[in-house]
Amino acid sequence: MHFGYPIDFGPDPRTHKPESAAPAPDATALPLQKKPMSDTDRSRVYRQLVETAQNKLAKARGRRRKASDAPVRITEARRAVILRSNGRCENPQCANPGEPGDVSDAGDPLLDVDHIGGLAATGDDEAVDMIALCPNCHRIKTLGRTRHELIPLLRETARRRHTDMLRFG
């Protein structure tokens, strides 16, 4: 009691068992597929995501922005890049490209979708300018001594894969 009022310190951490909360759904997560998508379906969905992202970006470009405004982030562009990657690191020099190794609780691949030239340089979320990288390759691209040689390779890889996905089917 404190000044005549009971004090509630919450549950006793020694005996309290927290309720297991379901993780919040990730807005960029692709729905889990019971069977893998065919290349034709992946290409079709990729085209739809890219088109939606481009439409949203076009609308955003028409609005006047203040210098302090954050860049417009387009979820569909990030989803398209994950779909294009097929759950694998898109760095052709990745030491472990074939096996994703682990997935998140939601079943999504543990990949970072990154702007190849940096968000500040491009300013837009466009799938052609983004790439899915495993955490190790993302660190190399961002901080590694070889990043200056890696960035042009990643840019070419993303553009080629983007074009292939749009052309397929």
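Residues numbered from 1 in each chain as written. Predicted model: local features only at pLDDT ≥ 70, side-chain atom pairs only at ≥ 80, totals over all residues. Heavy atoms only, no water.

1. Some points on the overall build of the protein
And then number 1: The secondary structure content of the protein amounts to 5 helices and 2 strands.
And then number 2: Pairs at least 24 apart in sequence give 69% of the contacts found in the protein among residues at least 6 apart.
And then number 3: Of the roughly 11800 Å² that the protein leaves accessible, carbon and sulfur atoms contribute 53%. (Helix = DSSP H or I, 4+ residues; strand = E, 2+ residues; numbered from the N terminus. Contact = heavy atoms within 4.5 Å. Areas by Shrake-Rupley, 256 points an atom, 1.4 Å probe, with all protein chains shown as cover.)

2. Overview of the pairing of strand E2 (residues 130–133)
And then number 1: Neither face of E2 is open: one carries Met130 and Ala132, the other Ile131 and Leu133, and all of them are buried.
And then number 2: Pairing of strand E1 (residues 112–115) with E2 involves 4 bridges; the strand directions are antiparallel. By the bridge assignment, Asp114 is partnered in E2 with Ile131. (Buried < 20%, exposed > 50% of the residue type's maximum accessible area, 1.4 Å probe, protein only. Pairing = 2+ DSSP bridges.)

3. Here we look at the pattern of salt bridges
And then number 1: Applying the stated rule across the entire model yields 8 salt bridges.
And then number 2: A salt bridge links Arg42 to Asp39, with the shortest nitrogen-to-oxygen separation between them at 3.5 Å. Placement of both Arg42 and Asp39 in helix H1 (residues 39–62) is noted, with a separation of 3 residues, approximately one turn of the helix.
And then number 3: By relative accessible area, Arg42 is classed as buried at 10%. (Salt bridge = Lys/Arg side-chain N within 4 Å of Asp/Glu carboxyl O.)

4. Comments concerning the side chain of Arg42
And then number 1: Here Leu83 takes part through its backbone oxygen, which lies 3.1 Å from a polar atom of the side chain of Arg42.
And then number 2: Non-local contacts of Arg42, meaning those with residues more than four positions away in its chain, are made with Met37, Leu83, Arg84, Asn86 and Met165. (Polar contact = N/O pair within 3.5 Å; in protein donor to acceptor, adjacent residues only side chain to side chain.)

5. Concerning the nonpolar core
And then number 1: Membership of the largest hydrophobic core comes to 28 residues, with the highest contact counts inside it found for Tyr46 and Cys89.
And then number 2: For this core, the leading source of residues is H1, giving 6 residues.
And then number 3: In this structure Tyr46 touches Ala80, Val81, Leu83, Arg84, Ala127, His162, Met165 and Leu166, once residues within four positions along its chain are discounted. (Core = buried A, V, L, I, M, F, W, Y, C linked by side-chain atoms within 4.5 Å.)

6. Looking at unusual backbone geometry
What you tend to see is this: most non-glycine residues have negative phi, and most peptide bonds are trans.
And then number 1: A positive phi is found at Asn86, a non-glycine position, where the angle reads about 55 degrees.
And then number 2: For Asn86, the position within the fold is in the loop between helix H2 (75–85) and E1.

7. Observations concerning the environment of Glu156
And then number 1: Along the chain, Glu156 turns up in helix H5 (residues 147–167).
And then number 2: With relative accessibility at 48%, the residue Glu156 sits in the partly exposed group.
And then number 3: Sequence separation between Glu156 and Val128 is 28 residues; the distance between their C-alpha atoms is 9.6 Å.

8. Some remarks on the packing of helix H4 (residues 135–143) against H5
And then number 1: One way to put it is that H4 packs onto H5 with a least axis distance of 7 Å and a crossing angle of 115 degrees. Where H4 crosses over H5, the two elements pack in a sense that is left-handed. When H4 is examined against H5, the residues Ile140, Lys141, Thr142 and Leu143 are found in contact with a partner set consisting of Arg147, Leu150, Ile151 and Leu154.
And then number 2: Across the contact of H4 with H5, the residue classes break down as 5 nonpolar, 1 polar and 2 charged. (Axes fitted to C-alpha atoms, helices over the stretch in contact; angles between N-to-C directions. Left-handed = near helix turned anticlockwise from the far one by under 90°. Nonpolar A, V, L, I, M, F, W, Y, C, P; charged D, E, K, R; others polar.)

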